[in-house]
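Results of the structural survey
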Amino acid sequence: MSDTQNNTGAKHPKGLYVLFFTEMWERFGYYLMLGIFSLYMIDSVENGGMGFSPVEKSSIYGTYLGLVYLTPFLGGLLADRVFGFRKSIIAGGLLMAAGYLGMALPGETAFYVSLLLIILGNGFFKPNISTLVGNLYDDDKYRNNKDAGYNIFYMGINIGAFVCNFVAAYMRINYGWGWAFGAAGVGMLVGVVTFIAGTKHVKHADIMKPVQKEDMSLGKIFSYVLLPVLICGVVGYVLPEWILGHPVLHSKQDDAFIFGCIPVVIFYTSLWVRASKEDKNPLGALLSVMFCVIIFWAVFHQNGDALTIWAKDHTDREMPAAVANVATKANMAQEVENHYTAHVSEAEFQSYIDSLVGVKDLWVEAKNDKAVKEIGALISLRTNSRNYFENLPKAQQPEEGKSLLLFSTELYQSINPFWVVLLTPVVVGLWGFLRRRKAEPSTPAKIALGMLITGLSTLVMVAAVSSISMGDEKASSWWLIASYGVITFGELCLSPMGLSLVSKLSPPRLTALMMGGWFLSTAIGNKLSGMLSGLWEGFENKSNFFFMNFGLCIFATIILLVLLRWLRHVMREKNIH
């Protein structure tokens, strides 16, 4: 029997819970990797990291996040026309699992190949599982609960995102970076098995809609869109530096990404231009909202970069004694020793290193010498020690040679999903309460509200900066907790509502493709998040960094408010509320 036949009187189809747990495990792997990604890139090679500079780290972070959400354009298209949703989800999950496991291998080749596998896998997985959720609610008895269904689905995402960082911290502290990435791969494989086991509950929603005469053929899309993407990406990488002598943006990678997005943006615009009269307004409404949502993701996804650096370098992460006792027994505490090299200058430290062996070119002349390993350990210890103790007041520092027990930086990545799990029932209940009184905001109004609240979250971080003397003090963890709480409320108003809006307004044959368009806006926003985070070091007054983010959010909010009446009209035309 189909899922629909089995659920008479139920508010939500059984298939929702299959997709809930599949996405929970997929997000476990994805956010585990993302929570340690920036930290791994800036950690020293001697300590198992990549040893990248802060600017290089931000560029790679933004490019990776951008491409992860750019490939759903391709994955959504191929699912719509060729493979169907279920096959695409399984293939995407397996590719991502291979990528996470590959991240456990040392070396830059394994690093970049693994990122490519994750990027391609997410392209097949992400738009199609979200489309299946919407398709499950095409039945009239579930239709009115679609927004609530997406909120429930979104909570599953964040349960995985919350738990994963504790696993990441445990594996990294006790076994190293590679084991943490390996755990992400195992989580993704569990998600694939979960989906295959429950496929009977979603197969009736895996429907490929017939292609219409106004739709561009698959061959033309590859010729007119994907090939130009590659060409524009190469042009963006080479041309600015050749003509100007320097990149237009931060780096050649940034130029290549933005140039490569141009043909895809043109393609989605052409969908609107060539659309039938019936489809023109809905597609125009979706594209308008997607444009504004770029700014949301540009601010939101700084949590994995700029805010992670804030947590690492400017947040008091010392564990209370009661927590430290439990964490120590569970091997979950990060121990940082107040080594004397944390208090000497770079010149004094280098002189000390040279005096150990009397060889300035030690790394070249004696790579396998025991002294080299000893010096590598000293440098790693100095780096970790300096980074934490250099702006910690003397009164809070332990004696030299003694240690503090800290919350690992990646654990701060669990604050946002914690708030999502906590606030989702509140938000769903709020919309239900207003619906019963016929006062529920429209979906576009919820998105505009989410954008405004996101802007307010950046003001919390302005207050955090103002609460301390930068360079001499560390801020309380409660500032980050509060900021994440505010932005999470905004996220719950915006992100699941955006997925719901795509499902409601898209022409049925283009739903997965337009879901890919939603993730395209996420891709551009994600890349911008890395570019904005790359400006972090250039702001002497960090308050101005957060004021910049606030201004961007208010700009997008104003645009949405101006469009609100028209967006409501479009929804009424489609008999959608």
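Calculation rules
- Residues numbered from 1 in each chain as written.
- Predicted model: local features only at pLDDT ≥ 70, side-chain atom pairs only at ≥ 80, totals over all residues.
- Heavy atoms only, no water.
- Helix = DSSP H or I, 4+ residues; strand = E, 2+ residues; numbered from the N terminus.
- Buried < 20%, exposed > 50% of the residue type's maximum accessible area, 1.4 Å probe, protein only.
- Contact = heavy atoms within 4.5 Å.
- Core = buried A, V, L, I, M, F, W, Y, C linked by side-chain atoms within 4.5 Å.
- Axes fitted to C-alpha atoms, helices over the stretch in contact; angles between N-to-C directions.
- Parallel < 35°, antiparallel > 145°, perpendicular 65-115°, else oblique.
- Left-handed = near helix turned anticlockwise from the far one by under 90°.
- Salt bridge = Lys/Arg side-chain N within 4 Å of Asp/Glu carboxyl O.
- pLDDT = per-residue confidence, 0-100.
- Polar contact = N/O pair within 3.5 Å; in protein donor to acceptor, adjacent residues only side chain to side chain.
- Expected span 1.5 Å × (residues − 1).
- Bend = angle between axes of the 7 residues up to and from the residue.
- Pairing = 2+ DSSP bridges.
- Phe/Tyr/Trp six-rings, centres within 6.5 Å; stacked < 30°, edge-to-face > 60°.
- Lys NZ or Arg CZ within 6 Å of the ring centre and 35° of its normal.

Brief notes about the overall build of the chain
Within the chain, the secondary structure is distributed over 21 helices and 2 strands. A burial count over the chain gives 56% of its 577 residues as buried. Within the chain, contacts between residues separated by at least 24 positions form 82% of all contacts whose residues are at least 6 apart in sequence.

A few points about unusual backbone geometry
Located in the positive-phi region is Asn-331, a residue other than glycine, with phi close to 55°. Among the structural elements, Asn-331 can be located in the loop between helix H13 (321–329) and strand S1 (334–337). We note that Lys-438 has phi near 55°; this positive angle belongs to a residue other than glycine. In this fold, Lys-438 is placed in the loop between helix H17 (415–436) and helix H18 (443–466). Overall, Lys-438 belongs to the exposed group, its relative accessible area being 78%.

A few points about the nonpolar core
If you look at the biggest cluster of nonpolar residues, it comprises 132 residues, and the most contacted ones within it are Phe-37, Tyr-64 and Phe-111. Setting aside residues up to four positions removed in sequence, Phe-37 forms contacts with Ile-60, Tyr-61, Tyr-64, Met-103, Phe-111 and Leu-115. Ala-324, Met-332, Ala-333 and Leu-411 belong to the second-largest nonpolar core, a separate cluster that totals 7 residues.

Details of the packing of helix H7 (residues 146–174) against helix H19 (residues 477–505)
Contact pair H7 / H19: the axes reach a minimum separation of 9 Å and the direction vectors enclose 125°. In this view, H7 runs oblique relative to H19, as classed from their interaxial angle. Of the two possible hands of crossing, H7 and H19 adopt the one that is right-handed. Across the interface between the two elements, Lys-146, Asp-147, Tyr-150, Asn-151 and Tyr-154 of H7 pack against Glu-491, Leu-492, Ser-495, Pro-496, Met-497, Leu-499, Ser-500, Ser-503 and Lys-504 of H19.

A word on the pattern of salt bridges
Per the counting criterion, the structure on display carries 9 salt bridges. Residues Arg-435 and Glu-440 are paired through a salt bridge, measuring 3.0 Å at the closest nitrogen-oxygen approach. On the basis of relative accessible area, Arg-435 is assigned to the partly exposed category, the value being 37%.

Let's talk about the confidence of the model for the chain
Of all residues in the chain, 88% attain a pLDDT of 70 or more, and the chain-wide mean is 83. Scored below 50 in pLDDT, residues 1–9 shows 18 contacts in the model against residues more than four places distant or in partner chains.

What about the side chain of Ser-38?
Inspection of the secondary structure assignment puts Ser-38 in helix H1 (residues 14–42). A relative accessible area of 1% means that Ser-38 is categorised as buried. Here Gly-304 takes part through its backbone oxygen, which lies 3.0 Å from a polar atom of the side chain of Ser-38. Those residues in contact with Ser-38, other than ones at most four positions away along the chain, are Lys-57, Tyr-61, Gly-304 and Asp-305.

Considering H19
Look at H19: 41 Å from first C-alpha to last across 29 residues, which is about the 42 Å you get at 1.5 Å a residue. Its axis deflected by about 35° at Glu-491, H19 carries its strongest bend there. Along H19, 23 of the 29 residues are buried, which leaves the element largely enclosed by surrounding structure.

Some thoughts on the environment of Ile-196
Its location among the elements puts Ile-196 in helix H8 (residues 177–197). Sequence separation between Ile-196 and Thr-22 is 174 residues, and the spatial gap between their C-alpha atoms is 9.3 Å.

So, the pairing of strand S2 (residues 403–406)
The two faces of S2 differ: Leu-404 and Leu-406 on one face are buried, but Ser-403 and Leu-405 on the other face are not. The pairing of S1 with S2 spans 4 bridges and is classified as antiparallel. Across the sheet, the residue bridging to Val-336 is Leu-404, located in S2.

Some details on the packing of aromatic side chains
With the rule as written, the count across this model stands at 27 aromatic pairs. Through successive ring pairs, a cluster of aromatic residues spans Phe-37, Tyr-40, Phe-52, Tyr-64, Phe-111, Tyr-112, Trp-177 and Phe-181. Sitting above the plane of the Tyr-30 ring, Arg-27 keeps its charged end 4.0 Å from the centroid. Above the ring of Trp-177, the side-chain terminus of Arg-172 is found at 5.2 Å from the ring centroid.

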